[in-house]
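Secondary and tertiary structure notes
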Amino acid sequence: MALIKCPECGQDVSSTAESCIHCGYQLKEKPLEPVMVNVPSLSGFQRTFVVEYNGTEVSGKSGTTVEFSIKQPTTIRVTLKGYFGHPTIDVKPGDKVQVSIGGMGGISLAKVSMLTGNSNTHGW
Ligand SMILES: [Zn+2]
C-alpha cells in the first residue's frame, strides 16, 4: 500500500486510511449533506429565527426551512425572535430538525424524519 504525508502533522499514513493514525486528521472528505431546520408558520407575525452552528449563523423566517451543510456532527442552537429559549441539539449531516413552540412561548427542537409546517422553500 502507498504512503502519503498527513497534511496536518506531516507523518506517513496509509493512502487508504480514513484518518491519520498519528493525529486523527480526517483524510477522506465526507460528502456534504445538508441539515434542515424548519420553523412552522406563526399566527400574527412572521418572525426571524437564527440557527448558529460552528460559529456561523444562518437565518430564516417562520414558516420556512433553512438548510446548511456540515461535514461533522455538530451542535446547533436556535433562537426565534419574540420567543423564549435558545435550545441546542446535536445534529449530523442529513438530519432534519423541527422547531416547536411550547404553550408558554418557549421553543424546543426535535429531530424528525419528515419536516412538518408550511415550508415555502421545499415541497413538503
Ligand atoms: Zn496526522
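The coordinates are above.
Residue numbers here run from 1 along each chain, matching the order of that chain's written sequence. Reporting of local features is limited, given that this is a predicted model, to residues whose pLDDT is at least 70; pairs of side-chain atoms are given and counted only at 80 or more, and all residues count toward the totals for whole chains, interfaces and linings. To obtain the side-chain values, all non-hydrogen atoms of the structure were used and water was disregarded.

To continue, consider the sheet that holds strand β10 (residues 107–112). Read from one edge of the open sheet, four strands run β6-β3-β9-β10, paired in mixed fashion. Every other strand in the sheet has two partners, leaving β6 (65–70) and β10 as the edge strands with one partner each. Direction aside, the axes of adjacent strands within the sheet are offset by 25° on average. Think of it this way: DSSP has to see at least two bridges between two strands before they count as a pair. Labels follow the DSSP assignment, with helices taken as runs of H or I lasting at least four residues and strands as runs of E lasting at least two, numbered in each case from the N terminus. Note that strand β3 (residues 33–38) and strand β9 (residues 96–101) share three bridges and pair parallel. What sits directly across from methionine 36, in β9, is lysine 96. Lines fitted to the C-alpha atoms define the axes, with helices restricted to the stretch that makes contact. Angles between their N-to-C directions range from 0 to 180 degrees.

What follows is about the packing of aromatic side chains. Only the six-membered ring of Trp is used, alongside the rings of Phe and Tyr, when aromatic pairs are assigned; centres must lie within 6.5 Å, and planes under 30 degrees apart are stacked while those over 60 apart are edge-to-face, with the rest tilted. A full pass over the atoms with the stated rule returns one aromatic pair. Taking the centre distance of 4.1 Å and the plane angle of 15° together, the rings of tyrosine 53 and phenylalanine 68 count as stacked. Here tyrosine 53 is found in strand β4 (residues 48–53), whereas its partner phenylalanine 68 is found in strand β6, with 15 residues between them in sequence. Considered together, tyrosine 53 and phenylalanine 68 belong to a single accessibility category, that of buried residues. Whether a residue is buried, partly exposed or exposed follows from its accessible area with a 1.4 Å probe, protein chains only, as a fraction of its type maximum: under 20%, in between, or over 50%, in that order.

Moving on: the coordination of the zinc ion. Around the zinc ion, the protein supplies Cys6 (SG), Cys9 (SG), Cys20 (SG) and Cys23 (SG) as donor atoms, at distances of 2.3 to 2.4 Å. Because the angles between the four donor atoms bound to the zinc ion fall within 106 to 114°, the donor set is best described as tetrahedral. Under the relative-accessibility criterion, cysteine 20 is labelled buried at 4%. Any nitrogen, oxygen or sulfur atom within 2.8 Å of a metal ion counts as a donor, with the limit raised to 3.2 Å for Na, K and Ca, and since water is left out, coordination shells can look unfinished. Here the metal geometry follows the donor angles, with tetrahedral for four donors whose angles all fall between 85 and 135 degrees, square planar for four and octahedral for six when opposite donors are more than 155 degrees apart and every other angle is between 65 and 115, and irregular for all the rest.

Purely spatial values, then, with no claim about function.
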